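One-letter residues, chain by chain:
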Amino acid sequence: MEKKDLRRLTLPELRDLITDRGLPEYRYRQIARWLYDKGVESLARMTDLSLSLREELGSEFEIRGLTIEEERISRIDGTRKFLFRLSDGEAVESVLMPAERRMTLCLSTQVGCTLDCIFCQTGRMGFRRNLEPHEIVGQILPLWTRIRDLRLRTNLVFMGMGEPLHNLPALVTACRTMMDPLALNLSGNRITVSTAGVLSGIRRLADTGLGVRLALSLNATTEEVRARLMPKAARTPLRELLAAARGYAERYGSRVTIEYVLLRRINDTEEDARRLGRMLRGGPFKINIIPYNPGAGTGLDAPDRERVDTFARRVWPQAPVVTVRWSMGPDISAACGQLHTTRATG
Ligand code: SF4
């Protein structure tokens, strides 16, 4: 009989497994800590469980982690990109970005993406499949003890491969695990979900009560330009998207980040800057301008630094918080919009 993967169980399912066997609940807490906080890959390493319990569980379960097939380190800024091979041969990438006092881990939720934004290499892969909750959490676990021991503030951002709100049930289950005090004990304000604009998903995410932060990838100030850049996501009008983002911010009392990938001669004019400022004026937003990272075959150009600064200065008087985020790891294709994988053959 093939053994089941213990990490495929949600934490409530794990608790039921233990208590249904008549075992005390503290056994559940011990196992959850070994699985997530300590990230062990074998029942044998759960040394505070009795040998008989380890053998009993081991006859039915094993622990399978994701395999890091490749780790690349940027010479420019120390960003690390990880390629995780999944059990069916598919693969996803995650990116760990160091800063002076914090670590940011950018996670994937899908293999590929249905949305096909023209500036994004993941979109060009097409959609392969959704990740399961254990595959989302599994991108953190091999790195978790390294990160935790640095004692830096750790932020998780769902800005990797895929549209997180198209895989909402798995995303929510994964977030609940990450936020559980027995697992990674992360608070909602350290997790950001970035969407290209899935209206129903924004509302459903709000209704989960998770309280994670929201980022909306807007990238345009007119319907025409948004339709050109994000043809599928642009089916929802800008006005409705911003209303949903405002509703989310009001519900959780935190600003929604508006992301704006700046592309030369497409959305970087003086009029764009003023329109963007007007659209967001007085709202519960902060604006993150992301200079485009060139990707193979897109035919799109990056703006130069002066153009970026000018654009930000034009937006700023009307919006309370405007930042420019120069993407990290461009030399290892780890920057925004550059993630891309292929399936293993054979
Ligand atoms: S930018 Fe995000 S939503 Fe758009 S294609 Fe890429 S991964 Fe999908």
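The structure we're discussing is the one just above.
Not measured: the values here are computed from a predicted model.

Conventions adopted
- By convention here, each chain's residues receive numbers from 1 onward along its written sequence.
- At least 70 in pLDDT is required for a residue's local features to be given in this predicted model, at least 80 for side-chain atom pairs to be given and counted, and no such filter applies to totals for whole chains, interfaces and linings, which use all residues.
- Computation of side-chain values: all heavy atoms of the structure, hydrogens and water removed.
- Exposure classes here rest on a 1.4 Å probe applied to the protein chains alone. A residue is buried below 20% of its type maximum, exposed above 50%, and partly exposed in between.
- Numbering of helices and strands starts at the N terminus; helices are DSSP runs of H or I of at least 4 residues and strands are runs of E of at least 2.
- Two strands are counted as paired when DSSP detects at least two bridges linking them.
- Only heavy atoms are used to decide nearness, and a residue is near a molecule or strand if one of them lies within 4 Å of it.
- By the convention adopted, Pro, Cys, Tyr, Trp, Phe, Met, Ile, Leu, Val and Ala count as nonpolar, Lys, Arg, Asp and Glu as charged, and the other residues, Gly among them, as polar.
- Axes here refer to lines fitted to C-alpha atoms; in helices the fit is confined to the stretch in contact. Angles between the N-to-C directions go from 0 to 180 degrees.

Trainee: I would appreciate a short explanation of the pairing of strand β5 (residues 91-98) in the present structure.
Mentor: Taken residue by residue, a regular strand's side chains alternate between the two faces of the sheet. Counting buried positions along β5 yields 7 of 8 residues, so the element is predominantly enclosed. Two elements, strand β4 (residues 80-85) and β5, share 6 bridges in a ladder whose sense is antiparallel. Within β5, the residue paired with leucine 83 across the bridge is glutamate 93. The hairpin formed by β4 and β5 contains 5 residues between the paired strands, and glycine 89 there has a positive phi angle of roughly 95°.

Trainee: Even after reading the chapter, I still don't get the site of the ligand, so can you show me in this structure?
Mentor: The environment of the ligand is formed by Cys113, Leu115, Asp116, Cys117, Cys120, Gly123, Gly162 and Ala196. Here the shell around the ligand is built from residues that sort into 5 nonpolar, 2 polar and 1 charged.

Trainee: Would you take a moment to explain the sheet that holds strand β10 (residues 191-195) for this structure?
Mentor: Sheets are built from strands paired through backbone hydrogen bonds, the pairs being either parallel or antiparallel. Spatially, β3-β4-β5-β6-β9-β10-β11-β12-β13-β14 is the arrangement adopted by the 10 strands of the open sheet, whose pairing is mixed. Only two strands of the sheet have a single partner each, and these edge strands are β3 (67-73) and β14 (322-324). Across the sheet, the mean angle separating the axes of adjacent strands is 20° when strand polarity is ignored. Strand direction decides the pairing type here: strand β6 (residues 102-106) and strand β9 (residues 153-158), joined by 5 bridges, are parallel.

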